[in-house]
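Descriptive structure summary
Given next are the chains, with one letter for each unit.
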There are 2 protein chains.
Amino acid sequence: MRKGKTFIIAGPSGVGKGTIIKKLFEGRSDLYFSVSATTRPPRPGEVDGVDYHFITREQFVEWINRNAFLEHAEFVGNLYGTPKKYVDEAMERGQDVILDIEVQGAEQVHRQRPEVVRIFIAPPSWAELERRLTTRGTEDPEKVQKRLSRSREEFLLARYYDYLVINNDLEKAVEEIRAIMAAEHCRAGERYDEIAPAL
Amino acid sequence: MRKGKTFIIAGPSGVGKGTIIKKLFEGRSDLYFSVSATTRPPRPGEVDGVDYHFITREQFVEWINRNAFLEHAEFVGNLYGTPKKYVDEAMERGQDVILDIEVQGAEQVHRQRPEVVRIFIAPPSWAELERRLTTRGTEDPEKVQKRLSRSREEFLLARYYDYLVINNDLEKAVEEIRAIMAAEHCRAGERYDEIAPAL
């Protein structure tokens, strides 16, 4: 059976990653969405193993110590991380894994596993990203400006990603990501080792 | 406008490249099939510029001297080559270019233009390739065996190609090549340079 591959979907906040990923999963059972572990307590309605793997800080630190995370970070006092275990199990089952992570997290994953395919999602323009962040209406203008300037900094790293997808048309963006995933399974080196012995 | 890219479709004789390429072009005006130049005289019904660019040996040698070929070779006394001019013009028009060439020719193209994407088409098995070569019925068993052993040698190079597509299902093979072509247009480095200034 064909093994799965891992794909990072990264990009600035507000770029529409969530919508893209939701669309990407429609009708697909051969994909696995990596669920993060966190020390944050569950909110009402959140399900362990679905929304997050809820673990204690002691467990989290223990996982860090035995290098059980692909990446991890602290946000406002809580730890968040991508456990290797579920990612590896999914790939063994033949599922492709989607990691929806921050640009910082993507760097950590890349250092540990350079074979992970990195896809950067860019906005059609900075003006459009500003509009998207503003019409969310949940944040004050100052915070929007801060996010924008951080996004511009993060975008400088997009050049070093494997692929760059522009989200100005949802269908097209999803189609491009599907093409990227299909193409990556055709990479000659790995496929050669797979088929040559049986040919 | 988005510039086109060049894709080499290479693989052993009898693997079904011709059928794949025909299918690939169905309903697509954004693709350009590279027409070879040759010193062989036209056969009845062959059209200059469609089947081949028919040129004299003097012209051919002159083109070699000014490095106007991506690759060229001699077969049974006639010269065959891929002129750069038409390939480059098509890419400038925004068309992707398909080169249907021998494994040897692919090596020449790769040396001149490492950015050209190389796709190797493999048979489902050597037994199946033998069957396909035999049921063509045009060649004696000895020639079939010679071709087979040459194919096995050429396959050793498939590992170093960008992509490897197995032709056991025509539709699937064509779909994979389409995905590869779409994915290659999403490569981060080039796309970054394209979009960053306008963002």
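Keep in mind the model is a prediction, meaning the values are calculated, not measured. (Residues numbered from 1 in each chain as written. Chains lettered and ligands numbered in written order. Predicted model: local features only at pLDDT ≥ 70, side-chain atom pairs only at ≥ 80, totals over all residues. Heavy atoms only, no water.)

Focus: the relation of the copies chain B and chain A
Mapping chain B onto chain A calls for a rotation angle of 180 degrees and an axial translation of 0.0 Å; the resulting RMSD is 0.0 Å. Each copy turns onto its partner about a two-fold axis. Closest to the rotation axis within chain B is the C-alpha of A179(B), separated from it by 2.2 Å. Here 100% of the interface residues in chain B have copies in chain A that are interface residues too; the copies meet face to matching face. (Least-squares fit on C-alpha atoms with pLDDT ≥ 70 in both. Contact = heavy atoms within 4.5 Å.)

Topic: the packing of aromatic side chains
On inspection of all chains with the given rule, the structure shows 20 aromatic pairs over all chains. An angle of 55 degrees between the planes, with centres 5.9 Å apart, marks the rings of Y52(A) and F54(A) as tilted. Grouping aromatic residues by their ring pairs yields a cluster made of F120(A), W126(A), F155(A), Y161(A) and Y192(B). When the ring centre of Y32(A) is taken as origin, the NZ or CZ atom of R93(A), which lies over that ring, is 5.7 Å away. (Phe/Tyr/Trp six-rings, centres within 6.5 Å; stacked < 30°, edge-to-face > 60°. Lys NZ or Arg CZ within 6 Å of the ring centre and 35° of its normal.)

Here's the deal with the side chain of Q95(A)
Residues and elements named next belong to chain A. Looking at the element boundaries, Q95 is found in the loop between α3 (84-92) and β7 (96-100). At 3.0 Å, the side chain of Q95 and the backbone oxygen of S29 are in polar contact. There is a polar contact of 2.7 Å between the side chain of Q95 and the side chain of R93. Among all residues touching Q95, those that are not within four sequence positions of it are G4, K5, S29, D30, L31, Y32 and A90. (Helix = DSSP H or I, 4+ residues; strand = E, 2+ residues; numbered from the N terminus. Polar contact = N/O pair within 3.5 Å; in protein donor to acceptor, adjacent residues only side chain to side chain.)

Focus on the sheet that holds strand β5 (residues 69-75) of chain B
All names here are of chain B. Strands sit in the order β4-β3-β6-β5 across an open sheet of four strands; the sheet is mixed. A strand with exactly one partner marks an edge of an open sheet, and here the two such strands are β4 (53-54) and β5. Relative to strand β6 (residues 78-83), β5 runs antiparallel, the two being bridged by six bridges. Bridge pairing links F69 to P83 in β6. (Pairing = 2+ DSSP bridges.)

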